[in-house]
Each structure stands twice: as C-alpha cells, then as structure tokens.
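As a plain string of letters, each chain reads:
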Amino acid sequence: MNILLAILFVLFPSDDNIKIKDAWMRPSSEKMATALYFVIENKSETADTLFQVDSDLAERVEIHETYSEGEMMGMRKVDIIVIEGQSSFELKPGAHHIMVMKLKKNINDGDKGEFVLHFKRAGEIKITATAKKPK
Ligand SMILES: [Cu+2]
C-alpha cells in the first residue's frame, strides 16, 4: 500500500506548494475588460513562476502590472510573476492584476468565472473567481 502511494506521489506530484486565495474580479460588460485579483501563496522553499492565465470568459488574458511615471499612472503587460519560496504575492487594485480583455459576456456582481493559472513548477491550477465591486 505504501509503495502504491509512493508511486502515485511520483506520477502526480502534489501541487500543494502553491495555493490561490481570495480570487475576485470586477463586474464588467461584454466586449469590455475586467481585472482579476488573487493571492498566491508559495509554501515551497523554491520560487515558482506564473507565466500564463487562460479563461473561456474572454478572448485575451494578460498579466499586467501598474506603474507610475511622475503624475501619470498606467499599466502594462508583463510576461511573468515570480513568487519567491515561502512567501506570498498579492494581485490587487493599483498593483499587479490579470487583465481579462474582450469579454464574451457580461459579468455581474456575484457571477463566477473559471480561470486556469499556469505555473512553471506547480503546473495548471484551476480557480473560480467571484465578481464583486472593489471596496
Ligand atoms: Cu491591466
């Protein structure tokens, strides 16, 4: 029995090292964009990298960061988010976020949406985000 468990563990390595918490997105409208936020917890000693996010909700999904230049605030695409070992990384308004563009339908307060996060080490992690207005 223990041997079987060990084999299963090798075939399906635990992705418990990465945990996603508090996933939410802003309500928005079809053809428009919304932003997705969540907290990534990395319990492993080793850094992991988020490099892609997919969703059936929209035609394009990008990882964005917010930056300021003088008085101007803007946002731009980044390729990756690195989560250092034994740390957490929060995507939140005014900081890093997932830009969900060209929505295929309206997103109303309370709606749920599914996303797949791709990590270099942890692999694919499916999450469900709930729409709510930012506080
Ligand atoms: Cu953005």
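Reference entry: report on the structure contained in this document. (Residues numbered from 1 in each chain as written. Predicted model: local features only at pLDDT ≥ 70, side-chain atom pairs only at ≥ 80, totals over all residues. Heavy atoms only, no water.)

### Looking at the pairing of strand β1 (residues 18-25)
This is how the line gets drawn: In this analysis, strands are considered paired if DSSP registers two or more bridges between them. A run of DSSP states H or I qualifies as a helix once it reaches four residues; a run of E qualifies as a strand once it reaches two. Both are numbered from the N-terminal end.
Taken together, the six bridges between β1 and strand β2 (residues 34-42) define a ladder with antiparallel strand orientation. By the bridge assignment for β2, M25 is matched with L36.

### Some details on a negative patch on the surface
Counted only if it meets this: Residues with no salt bridge and a relative accessible area higher than 30% make up the patches, which join like charges within 9 Å and nonpolar side chains (Val, Leu, Ile, Met, Phe, Trp, Tyr) within 5 Å. Per-residue and other accessible areas were derived by the Shrake-Rupley procedure at a 1.4 Å probe size, with only the shown protein chains allowed to occlude residues. A pair is scored as a salt bridge if a Lys or Arg side-chain nitrogen falls within 4 Å of a carboxyl oxygen belonging to Asp or Glu. Positive charge is attributed to Lys and Arg, negative charge to Asp and Glu, and no charge count is given to His or to the chain ends. By convention, the point assigned to a charge is CZ for Arg, NZ for Lys, CD for Glu and CG for Asp. When accessible area is computed with a 1.4 Å probe and restricted to protein chains, residues below 20% of their type maximum are described as buried, those above 50% as exposed, and intermediate ones as partly exposed.
A surface patch of negative charge is lined by D54, D56, E114 and E124. Judged by relative accessible area, which is 54%, E124 ranks as exposed.

### Overview of a nonpolar patch on the surface
The grouping of F51, I80 and V82 at the surface amounts to a nonpolar patch, some 220 Å² of accessible area in total. Positionally, I80 belongs in the loop between β5 (72-78) and β6 (81-83).

### Quick look at the packing of aromatic side chains
The cut-off we apply is this: Geometry of aromatic contacts follows a simple scheme: Phe, Tyr and Trp rings, the Trp one being its six-membered ring, pair when their centres are within 6.5 Å, and the pair is stacked under 30 degrees between planes, edge-to-face over 60, tilted otherwise.
A full pass over the atoms with the stated rule returns one aromatic pair. Taking 4.6 Å as the distance between ring centres and 35° as the angle between the ring planes, the aromatic pair formed by W24 and Y37 counts as tilted. One end of the pair, W24, is in strand β1; the other, Y37, is in strand β2, with 13 residues separating them in the sequence. You can call W24 buried: its relative accessible area is 15%.

### Brief notes about the coordination of the copper ion
Stated formally: Coordinating N, O and S atoms are those within 2.8 Å of the metal (3.2 Å for Na, K and Ca), and as water is not part of the atoms, a site may appear to have fewer donors than expected. Key to geometry: four donors with every angle between 85 and 135 degrees are tetrahedral; four donors are square planar and six octahedral where opposite donors lie over 155 degrees apart and all remaining angles lie between 65 and 115; all other sites are irregular.
H64 (ND1), M75 (SD), H97 (NE2) and M99 (SD) make up the full set of protein donors to the copper ion, lying at 2.1 to 2.3 Å. In this structure, the copper ion is coordinated by four donor atoms arranged in tetrahedral fashion, with angles at the metal of 95 to 117°. Read from N- to C-terminus, the donor residues coordinating the copper ion fall into the pattern H-x10-M-x21-H-x1-M. Of this pair, M75 sits in strand β5 while H97 sits in strand β8 (residues 97-103), and the two are 22 residues apart along the sequence.

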